[in-house]
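# Geometric and topological summary
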Amino acid sequence: LHKNTDMEPTPVCVVLEDDAVLADRFAERLSSLLEELPRDFHFCSLGYSRPKTAPIVDFSSQLGIPSCLWYLTGYVLSLEGARHLIQSLPVTGPVDSWMGMKMCSNWDNVYGHWIGVGKHARAMSKLPSRKDLSKIMKFRAFAALVPLCEQKVGKAGGDAGVRVNWRDRDTDIAYSG
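In this report, the structure presented in the accompanying data block is examined. Remember, it's a predicted structure, so these values are computed and weren't measured experimentally. (Residues numbered from 1 in each chain as written. Predicted model: local features only at pLDDT ≥ 70, side-chain atom pairs only at ≥ 80, totals over all residues. Heavy atoms only, no water.)

### Regarding the pairing of strand S5 (residues 63–66)
- The side-chain alternation of S5 yields two buried faces, one formed by Leu63 and Ile65 and the other by Gly64 and Pro66.
- Where strand S4 (residues 56–58) and S5 come together, three bridges link them in antiparallel fashion. The residue bridging Ile56 from the neighbouring strand is Pro66, located in S5.
- From the end of S4 to the start of S5, which pair antiparallel, there are four residues.
- Summarising the sheet, S5 and strand S7 (residues 141–144) pair through two bridges and their orientation is antiparallel. Counterpart to Gly64 in the pairing with S7 is Ala143. (Buried < 20%, exposed > 50% of the residue type's maximum accessible area, 1.4 Å probe, protein only. Helix = DSSP H or I, 4+ residues; strand = E, 2+ residues; numbered from the N terminus. Pairing = 2+ DSSP bridges.)

This is the structure we're talking about:
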């Protein structure tokens, strides 16, 4: 991963679910997030969920490096990231799960064991060096530590008229929003 002073800005697009709810000052916060992203990034999640045993390693004050994410409510994709995903076709399963598995594959090594992927909710050690990260991160994915969007969650009514949030049933998942 290169420092931003070494590279020109890269073209990006923002992808949002049709039911995404944007955080206050979304444009301002997104601009600040883009300033912190390494210019050679592929993907940055703006709203997501993750397995509780999939830690996010702190990268900067606003960014983390996820070991796995699901339910991609919103994200930023770079041109190079789009090319990387196209080269990885075909998609197997739901696209957000497929992209999550691309993140998981970054940590299927000694570093994944080192930070506790599959064992702990929080990273158990510090970030590997940028040199080591550039070797292990084939899919250069990041995530906003504080979400910029969340999914509008509806209530489901049961026979007894009890309203239950579907997220309450997923006890092994941590939601960003």
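Now that the structure is up, let's keep going.
### Details of the packing of aromatic side chains
- Here the structure, examined in full by the defined rule, presents four aromatic pairs.
- Geometrically, the ring pair formed by Phe43 and Tyr75 is tilted, given 5.1 Å between the ring centres and 35 degrees between the ring planes. Pair noted here: Phe43 is in strand S3 (residues 43–51) and Tyr75 is in strand S6 (residues 70–78), with a separation of 32 residues, a long-range link.
- Since its relative accessible area comes to 14%, Tyr75 is described here as buried.
- Among the aromatic residues, ring-to-ring pairing joins Phe43, Tyr75 and Phe139 into one connected group. (Phe/Tyr/Trp six-rings, centres within 6.5 Å; stacked < 30°, edge-to-face > 60°.)

### Brief notes about a nonpolar patch on the surface
- A cluster of nonpolar side chains, namely Ile86, Leu89, Val91 and Val95, defines an oily patch on the protein surface of about 350 Å² accessible area.
- Tracing the sequence through the fold places Leu89 in the loop between helix H2 (79–87) and helix H3 (95–106).
- Its relative accessible area of 49% is what places Leu89 among the partly exposed residues. (Patch = residues over 30% accessible without salt bridge, like charges linked within 9 Å, V, L, I, M, F, W, Y side chains within 5 Å. Areas by Shrake-Rupley, 256 points an atom, 1.4 Å probe, with all protein chains shown as cover. Salt bridge = Lys/Arg side-chain N within 4 Å of Asp/Glu carboxyl O.)

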